[in-house]
Amino acid sequence: MSKSEVIILDPVAWPKATTLRLATRPTDIKGMTVGYLDNGWWSFGLLIDRVKKQLVERYGVGDAIHYTKVKSSPGTKQIEKLSGECQFVINGLGN
Amino acid sequence: MLSSRRVTVSESADDLLERMDEWGWADGLPIVPPTEDRVEAFVGQVGRDPEEVIAEVAPRFGVATVEKLAINAVMAGCRPEYFPVILAAVEAIVEPSFNLNGIQCTTNPVAPLLIINGPIRGEIGINSKANALGQGCRANATIGRALRFVLLNIGGATPGTVDKATLGQPGKFTFCLGEDEEENPWEPLHVERGFSRQQSTVTVVGAAGTNNICAFGRDPDIILTIIAHSMTSMGCNNVFGDEAGEPLIILCPHHAGACGEAGLSKVDVKRTIWQRARIPLDVFPRHLQQEKLAQGRVVDGKVLLTPKPEDLMVVVAGGPGGCHTVTCPTFGDTIAATKPIRMGSR
């Protein structure tokens, strides 16, 4: 280190190393009930009509249930309702 | 023993500013280099283990140790004696009901506003009087800035990628003031929230900006009418959102004094503003009319600002002689949190 240099400490912090486990992904979604969790943004409405069409035509999904988020992050109550009524969920996040 | 990665940089202020810009560690303004001796002074101030974990800060959930918080506080230009306030503020922002994850990532301009109460205001020079939300006070300026650095460097809220604010607001540089308890005719905020008057505290509010309300005279009926009608903005989250939250009213000493002299309590002030801060339902777009009705937010054909008068927060601050109260709409889906400030071993 020259006289014109200084050593500083890095202010950035990272998360603890943890192992996250994803829910088991279905290999075949034919006939499954799908939930659409609408976050209210215009882009969700724009995309989801196309996604719904593709899921029916290409993958043969069964019933569709449309939900509206009651707040930005669905709480435990809404997640429990979703998991009880649907076999997988398309979740609207951001815009 | 400090464990953070060491980085060698030029002592030149120009070069250091360039590195901050390149690495995204700061806010576009010059910083104080967080050297080991400076950081050690901050850790020593609170007498805590530098590895002690204070919080995990959303949305990245970076681990906020005493050491990492000290580094960010040094960078912001704090004095060591400010550091206990920053530790308490970080404990407050991670309260689940504060909804930091939403606040950090939203397109809304919301930023945590820090309200300092108790004896620490005098001890470290927190400004609760003239220009309390403006420039000129090192404690207010750098404590708020330190919290912003924590949100950035530990929470990971990089503007434009994680922090998706459409425009943001100046309060995202720094947003901190003290309550003027001495000019407050009622109990101060921290006492209202269950702390003793001698306990110093910090309260965090998810504030979406400031709205100046000019009301001349000393008639509380006129003052509160003007404040109430100035808070009824259809586009603020408190009104149009699903969650009304807690709109903040920072009464100037003139307005607070006028209400106090007239015999009004803080509860009276909240109730009067709440009763008058309503928007006719029929001016709302049709789909919002349906939402407000479904939320039970409509009384006598008018939309309530909040479901209950006690949802409003009232503090007192500002200089003498003026007639300018400030209100802060909030993110809506956020509840203010208050934490005690622990002064440490020194």
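Here is what the cut-offs are and how they apply
- Residues numbered from 1 in each chain as written.
- Chains lettered and ligands numbered in written order.
- Predicted model: local features only at pLDDT ≥ 70, side-chain atom pairs only at ≥ 80, totals over all residues.
- Heavy atoms only, no water.
- Contact = heavy atoms within 4.5 Å.
- Buried area = accessible area lost by both parts, 1.4 Å probe.
- Salt bridge = Lys/Arg side-chain N within 4 Å of Asp/Glu carboxyl O.
- Buried < 20%, exposed > 50% of the residue type's maximum accessible area, 1.4 Å probe, protein only.
- Helix = DSSP H or I, 4+ residues; strand = E, 2+ residues; numbered from the N terminus.
- Core = buried A, V, L, I, M, F, W, Y, C linked by side-chain atoms within 4.5 Å.
- Domains from an automatic or database assignment.
- Disulfide = S-S within 2.5 Å.
- Pairing = 2+ DSSP bridges.
- Axes fitted to C-alpha atoms, helices over the stretch in contact; angles between N-to-C directions.
- Polar contact = N/O pair within 3.5 Å; in protein donor to acceptor, adjacent residues only side chain to side chain.

Glancing now at the interface of chain A and chain B. Taken together, the 20 residues of chain A in the interface contact 32 residues of chain B. Between chain A and chain B lies a buried interface of about 2300 Å² when both sides are counted; carbon and sulfur atoms form 59% of it. Looking only at chain A, the three residues that lose the most surface to chain B are A:Ile8, A:Leu9 and A:Pro11, adding up to 33% of its buried area. The closest approach of N and O atoms between A:Lys16 and B:Glu56, which form a salt bridge, is 3.0 Å.

Right, let's talk about helix 3 (residues 66-76) of chain B for a bit. A turn of α-helix holds 3.6 residues, and therefore any two residues three or four places apart point the same way. Residues and elements named next belong to chain B. With 11 of 11 residues buried, helix 3 is to be regarded as a mostly interior element. When helix 3 is considered as a whole, its buried residues turn out to be Val-66, Glu-67, Lys-68, Leu-69, Ala-70, Ile-71, Asn-72, Ala-73, Val-74, Met-75 and Ala-76. At the C-terminal side of helix 3, Gly-77 shows a positive phi close to 95°.

A separate point is the nonpolar core. All names here are of chain B. Judged by nonpolar contacts, the single largest core of 65 residues is most densely connected at Leu-69, Phe-83, Val-90, Leu-114, Ile-116 and Ile-143. In terms of residue count, the dominant contributor to this core is helix 4 (residues 83-93) (nine residues). Aside from chain neighbours lying at most four places away, what touches Phe-83 is Phe-42, Val-46, Val-66, Leu-69, Ala-70 and Ala-73. Core analysis: the next-biggest nonpolar cluster, separate from the first, contains 29 residues, Ala-228, Leu-251, Ala-256 and Leu-304 among them.

When the parts of a complex come together, some accessible area is lost, and that lost area is often used as the size of the interface. Residue and element names in this part refer to chain B. On domain assignment, one finds that chain B holds domain 1 (12-208) and domain 2 (209-329). Domain 1 and domain 2 are separated by 27 Å when their C-alpha centres are compared. Each partner contributes to the interface: domain 1 provides 27 residues, whereas domain 2 provides 25 residues. Regarding the contact of domain 1 and domain 2, the summed buried area is about 1700 Å², with carbon and sulfur atoms giving 67% of it. Among the residues domain 1 hides against domain 2, the three largest losses belong to Trp-186, Glu-192 and Ala-208. Together they make up 31% of the total. Linking domain 1 with domain 2 are two salt bridges, by the criterion used here. Of the charged contacts, one joins Glu-192 and Lys-270 as a salt bridge, the two residues approaching to 2.6 Å between their closest N and O atoms. Only strand 4 (111-117), strand 5 (176-178), helix 8 (189-192) and strand 6 (201-207) provide two or more residues apiece to the side of domain 1 that touches domain 2. The leading source of residues in the side of domain 1 that touches domain 2 is strand 6, at four residues.

Considering all chains together, one arrives at zero disulfides over all chains under this definition. With no disulfide of its own, B:Cys323 has B:Cys214 as its nearest cysteine by sulfur position, at a separation of 6.1 Å.

As a further point, take the sheet that holds strand 4 of chain B. All names here are of chain B. Read across the sheet, four strands follow the order 5-4-6-14 without closing on themselves; strand pairing throughout is mixed. Only two strands of the sheet have a single neighbouring strand rather than two, namely strand 5 and strand 14 (337-340). For this sheet, the mean angle separating the axes of adjacent strands, direction not counted, is 25°. Pairing geometry for strand 4 and strand 5, over three bridges, is parallel. Its bridge partner being in strand 5, Ile-116 is matched across the sheet by Gly-178. Packed on one face of the sheet, helix 4 meets strand 4, strand 6 and strand 14 and runs near 50° to strand 6. In the packing of helix 7 (residues 138-153) onto the sheet, contacts are made with strand 4 and strand 5, and the angle to strand 4 comes to roughly 140°.

The next thing to look at is the side chain of B:Thr338. All names here are of chain B. Considering the arrangement of structural elements, one finds Thr-338 in strand 14. Residue classification places Thr-338 among the buried residues on the basis of a relative accessible area of 13%. Polar contacts involving the side chain of Thr-338 include one to the side chain of Arg-193, which spans 2.6 Å. A polar side-chain atom of Thr-338 sits 2.8 Å from a polar atom in the side chain of Thr-203. Those residues in contact with Thr-338, other than ones at most four positions away along the chain, are Arg-193, Phe-195, Thr-201, Val-202 and Thr-203.

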